[in-house]
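# Inside the fold
Listed here are the chains, written in short residue letters.
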Amino acid sequence: MRKNNTKDKAEFVFAHVFWIVVVMIWYRNLLFRCLEHCSYDQSRLILWGCVILSSVVGMCISM
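Since we're looking at a predicted model, the values are computed, not measured.

Reading the values: the criteria
Residues numbered from 1 in each chain as written. Predicted model: local features only at pLDDT ≥ 70, side-chain atom pairs only at ≥ 80, totals over all residues. Heavy atoms only, no water. Helix = DSSP H or I, 4+ residues; strand = E, 2+ residues; numbered from the N terminus. Expected span 1.5 Å × (residues − 1). Buried < 20%, exposed > 50% of the residue type's maximum accessible area, 1.4 Å probe, protein only. Contact = heavy atoms within 4.5 Å. Salt bridge = Lys/Arg side-chain N within 4 Å of Asp/Glu carboxyl O. Core = buried A, V, L, I, M, F, W, Y, C linked by side-chain atoms within 4.5 Å.

## Here's the deal with helix 2 (residues 40-62)
- Here helix 2 spans 33 Å end to end across 23 residues, near enough to the 33 Å set by a 1.5 Å rise per residue.
- Where helix 2 is concerned, the buried positions are Ser43, Leu47, Val51, Ser55 and Met59.
- Buried-residue contacts for helix 2 involve helix 1 (9-30).

This is the structure:
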């Protein structure tokens, strides 16, 4: 099987990080609410942890 990727790993990771930041800014400003029994900072930390974990898993699967 031939590789037909036009991006190298650095470009691929940069594109993912760029869109993660853009979407998180939109989400935080429009939809973000605190989790039950958690402070704003704890809820935000949990959200970023979930986003980073899912992004890393997605990048590993895609590469």
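We are not done yet, so read on.
## Overview of the pattern of salt bridges
- Tallying each qualifying case throughout the model produces one salt bridge.
- With its nearest N and O atoms 3.3 Å apart, the salt bridge here joins Asp41 to Arg44. Of this pair, Asp41 and Arg44 both sit in helix 2, separated by three residues, roughly a single helical turn.

## Here's the deal with the nonpolar core
- Judged by nonpolar contacts, Ile20, Met24, Phe32, Leu47 and Val51 together constitute the single largest core of five residues.
- At the level of elements, helix 1 and helix 2 are the ones that each hand at least two residues to this core.
- With sequence-adjacent residues up to four places away left out, Phe32 is seen in contact with Tyr27, Tyr40, Ser43, Arg44 and Leu47.

## Quick word on unusual backbone geometry
- Here the phi dihedral of His37 falls at roughly 65 degrees; this positive angle occurs in a residue that is not glycine.
- Note that His37 resides in the loop between helix 1 and helix 2.

## Here we look at the side chain of Ser43
- Here Ser43 shows up in helix 2.
- Looking at Ser43, the relative accessible area reads 2%, which means it is buried.

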